[in-house]
Amino acid sequence: MEKYSINQPSVVTIGTFDGVHIGHQKIIKQLVNTSKLEGLKSVVLTFFPHPRMVLQKESNIKLINTINERYTILNSLGLDFLLIKTFTKEFSRLSAEEFVKQILVDKLNAKKVIIGYDHRFGRNRNADINNLKVFGETYGFAVEEIAAQDIDDVSVSSTKIRKALIEGDITTANNYLGYNFMLNGTVTKGKGLGKTINFPTANILISEDYKIIPKQGSYVVKSVIENTTVYGMMNIGVNPTVNGNTQTIEVHFFNFNNDIYNKNLQIELLKRIRDEQKFESVEALTQQLKKDKETSLQFIAAQNA
Ligand SMILES: Cc1cc2nc3c(=O)[nH]c(=O)nc-3n(C[C@H](O)[C@H](O)[C@H](O)COP(=O)(O)O)c2cc1C
Ligand SMILES: Nc1ncnc2c1ncn2[C@@H]1O[C@H](COP(=O)(O)OP(=O)(O)O)[C@@H](O)[C@H]1O
């Protein structure tokens, strides 16, 4: 975005927006409404990498969305401009006033800024909404506050969603997200055991090391492959039955028999079925997979009823 500047007057909202959950979506609806009512361009300013990936490297924070996912979801919400600012140490050292002047005013031409009542910004996060209002008087923009009430009404946070995913509670995560949690990755070759037990599994390789992987276990999933919706069941785990030791993500699709090696897939997680187990034989594993398939098909039928 460094090369970007917006000539028309704009209304801006600022945030990390990891997950773009129902709380974020509410803020962005308010932004788009204000933009239409007041004839201003709607702008979302977001940051990548996550500030904690830059400032607290040891925290090893995992994100709900890859930056591509975040971009795609935000872009579907009807914005005029979506700007992803590279978050660097140098950028983090801008004072609050430098940030306001250099970014909001000079680059984004902000006439209005919409932020949550508790938003903090600038070096060491030392400015708040009251400081922003004072800067607004100096630089000619209004500040629209999203009240505590409005934020608490939704009572969602990226932190709660990360926790739900780590615990395997995909239902809660999906409710908070307002869409199905997804994994994007490429299909790679595995050991070739799947086909021999009539459960071929596409091994999904996720290239972003900062993406949250939900708790190990089996899940009902959905994907779109060559414009067709397909359902399946996915396992996240180490395949203890065959003495595996590295974590894999594998999907068996129902009613499907195509070679999809090297394809990029987006897998939506719908429901958790069970924990991963070590079975005494591959035969016992196969019996369990048959049961999992029944469980999955029942869930899918009920969902689509
Ligand atoms: C829905 C599902 C659940 C699975 N659950 C387990 C499990 O609990 N324990 C296990 O050892 N393997 C489990 N597997 C099997 C392995 O993940 C893997 O499919 C199998 O070892 C074949 O690996 P390959 O594709 O590399 O040949 C599951 C597979 C699927 C699709
Ligand atoms: N129903 C299906 N679900 C998943 N993959 C399938 C399916 N039918 C065919 N395939 C293909 O088979 C491959 C998986 O076969 P498998 O024997 O498990 O081999 P590998 O160990 O290489 O994953 C997938 O990557 C895909 O290309």
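Throughout, residues of each chain are indexed from 1 in the direction in which the sequence is written. Labels follow written order: the first chain is A, the first ligand is 1, and so on. In keeping with the model being predicted, local features are shown solely for residues with a pLDDT of at least 70 and side-chain atom pairs are shown and tallied solely at 80 or more, while totals for entire chains, interfaces and linings include all residues. Remark: hydrogens and water are excluded; side-chain values derive from all non-hydrogen atoms of the structure.

## Focus on the site of ligand 1
So, step 1. Among the 22 residues in the neighbourhood of ligand 1, the closest are listed as Leu193, Thr201, Asn239, Thr241 and Gln277.
So, step 2. Nitrogen and oxygen atoms within 3.5 Å of one another constitute a polar contact, given that in protein one can donate a hydrogen and the other can accept it, and given that sequence-neighbouring residues count only through two side-chain atoms. Here Pro240 contributes a backbone N or O atom positioned 3.4 Å from an oxygen atom of ligand 1.
So, step 3. Accessibility throughout is a Shrake-Rupley quantity obtained with a 1.4 Å probe, and a residue counts as covered only by protein chains that appear here. Protein chains shield 98% of the accessible area of ligand 1, which is 640 Å² for the free molecule.
So, step 4. Elements represented by at least two residues in the shell around ligand 1 include exactly helix 10 (193–196), strand 9 (228–237) and helix 11 (282–304).
So, step 5. Per-element tally for the shell around ligand 1: the top contributor is strand 9, with 3 residues. Proximity is defined per residue: if any heavy atom of the residue lies within 4 Å of a molecule or strand, that residue is considered near it. Strands are runs of DSSP state E lasting at least 2 residues, helices are runs of H or I lasting at least 4, and numbering of each runs from the N terminus.

## Overview of the pattern of salt bridges
So, step 1. Any carboxyl oxygen of Asp or Glu within 4 Å of a side-chain nitrogen of Lys or Arg constitutes a salt bridge here. Applying the stated criterion to the full structure yields 10 salt bridges.
So, step 2. A salt bridge links Asp106 to Lys101; the nearest nitrogen and oxygen atoms lie 2.8 Å apart.
So, step 3. What makes Asp106 partly exposed here is its relative accessible area of 44%.
So, step 4. Linking Arg272 and Asp275 is a salt bridge whose minimum nitrogen-to-oxygen distance equals 2.5 Å.
So, step 5. The exposure class assigned to Arg272 is buried, which follows from its relative accessible area of 17%.
So, step 6. The class for Asp275 is partly exposed, based on a relative accessible area of 43%.
So, step 7. Among the charged side chains, a salt-bridge network with shared partners connects Glu38, Lys112 and Glu144. The classification of residues rests on relative accessible area computed with a 1.4 Å probe and restricted to protein chains. Under 20% of the type maximum is buried, over 50% is exposed, and intermediate values are partly exposed.

## Re the domain arrangement of the chain
As a measure of interface size, the accessible area lost when the parts come together is often cited.
So, step 1. Along its sequence, the chain is organised into domain 1 (10–156) and domain 2 (179–304).
So, step 2. Domain extents, as shown, originate in an automatic or database domain assignment. If you average the C-alpha positions of domain 1 and of domain 2, the two centres end up 36 Å apart.
So, step 3. Looking only at domain 1, the three residues that lose the most surface to domain 2 are Lys62, Thr66 and Glu69, adding up to 45% of its buried area.
So, step 4. Where domain 1 touches domain 2, the interface holds 1 salt bridge.
So, step 5. For Lys211, the salt bridge identified is with Glu69, shortest N-O distance 2.7 Å.
So, step 6. Here domain 1 is connected to domain 2 by 9 residue pairs in polar contact (both at pLDDT 80 or more). Each of two parts loses accessible area, computed with a 1.4 Å probe, when they are put together; buried area is these two losses added.

## Re the sheet that holds strand 4 (residues 110–116)
So, step 1. Pairs of strands are assigned from DSSP output, requiring at least two bridges between the strands. With parallel pairing, 5 strands are arranged side by side in an open sheet as 3-2-1-4-5. Of all strands in the sheet, those bounded by a partner on one side alone are strand 3 (81–86) and strand 5 (142–146). Direction aside, neighbouring strands of the sheet carry axes that sit 25 degrees apart on average.
So, step 2. As defined by bridge partners, strand 1 (residues 10–14) adjoins strand 2 (residues 41–48) across 5 bridges and the pair is classed as parallel. The residue of strand 2 that forms the bridge with Ile14 is Leu45.
So, step 3. Only heavy atoms matter for contacts: two residues are in contact if any of them lie within 4.5 Å across the pair. To define axes, lines are fitted to C-alpha atoms, for helices over the stretch in contact only, and angles between the resulting N-to-C directions are given on a 0 to 180 degree scale. Contacts between helix 6 (residues 129–139) and the sheet are confined to strand 4 and strand 5, with strand 5 contributing the most and set at about 160 degrees to the helix.

## Thoughts on the packing of aromatic side chains
So, step 1. Classification of ring pairs uses Phe, Tyr and Trp, with its six-membered ring standing for Trp, and accepts pairs whose centres are within 6.5 Å; under 30 degrees between planes counts as stacked, over 60 as edge-to-face, and the remaining range as tilted. All told, the structure shown has 7 aromatic pairs when counted by the stated rule.
So, step 2. Ring geometry for Phe47 and Phe91: centres 5.6 Å apart, planes at 40 degrees, overall tilted. Taken together, the positions of Phe47 in strand 2 and Phe91 in helix 4 (residues 89–92) put the pair 44 residues apart, joining distant regions of the chain. This pair shows no difference in class: Phe47 is buried, exactly as Phe91 is.

## Comments concerning the nonpolar core
Inside soluble globular proteins, nonpolar side chains tend to come together where they are buried.
So, step 1. With 46 residues, the main nonpolar core has Ile204, Met234, Phe253, Ile267 and Leu269 as its most contacted residues.
So, step 2. Sort the elements by how many residues they give to this core and helix 1 (residues 22–38) lands first, with 4 residues.
So, step 3. Both domain 1 (10–156) and domain 2 (179–304) contribute no fewer than three residues apiece to this core.
So, step 4. Residue contacts for Leu269: discarding those within four places in its chain leaves Ile170, Asn174, Asn180, Phe181, Leu183, Pro214, Tyr219, Val220, Val221 and Met234.
So, step 5. The criterion is simple. A nonpolar core is a set of buried Ala, Val, Leu, Ile, Met, Phe, Trp, Tyr and Cys residues joined through side-chain atoms within 4.5 Å. Membership of the second largest hydrophobic core comes to 29 residues, among which are Leu45, Phe99, Val100 and Ala110.

## Considering the UniProt feature "domain: Riboflavin kinase" (unreviewed entry) in the chain
So, step 1. UniProt positions are given in the numbering used here, feature names are shortened, and annotations may be inferred rather than shown by experiment. Annotation from UniProt places "domain: Riboflavin kinase" (unreviewed entry) at residues 176–301.
So, step 2. From the first C-alpha to the last, residues 176–301 spans 23 Å; its make-up is 21% helix and 37% strand.

## Side note on the site of ligand 2
So, step 1. Inspection of the region around ligand 2 gives 20 residues, with Gly190, Gly192, Lys195, Ile260 and Tyr261 positioned closest.
So, step 2. Taking Gly192, its main chain carries an N or O atom lying 2.5 Å from an oxygen atom of ligand 2.
So, step 3. Between ligand 2 and Thr201, the relevant distance is 2.8 Å, taken from an oxygen atom to a main-chain nitrogen or oxygen of the residue.
So, step 4. Protein coverage of the free-state accessible area of ligand 2, which is 560 Å², stands at 96%.
So, step 5. Put simply, the parts of the chain that give the shell around ligand 2 at least two residues each are helix 10, strand 7 (202–205) and strand 10 (248–253).
So, step 6. Broken down by element, the shell around ligand 2 gets its largest block of residues, 3 residues, from strand 10.
So, step 7. Split by residue class, the shell around ligand 2 holds 8 nonpolar, 8 polar and 4 charged. Asp, Glu, Lys and Arg are counted as charged, while Ala, Val, Leu, Ile, Met, Phe, Trp, Tyr, Cys and Pro are counted as nonpolar; the rest, among them Gly, fall into the polar class.

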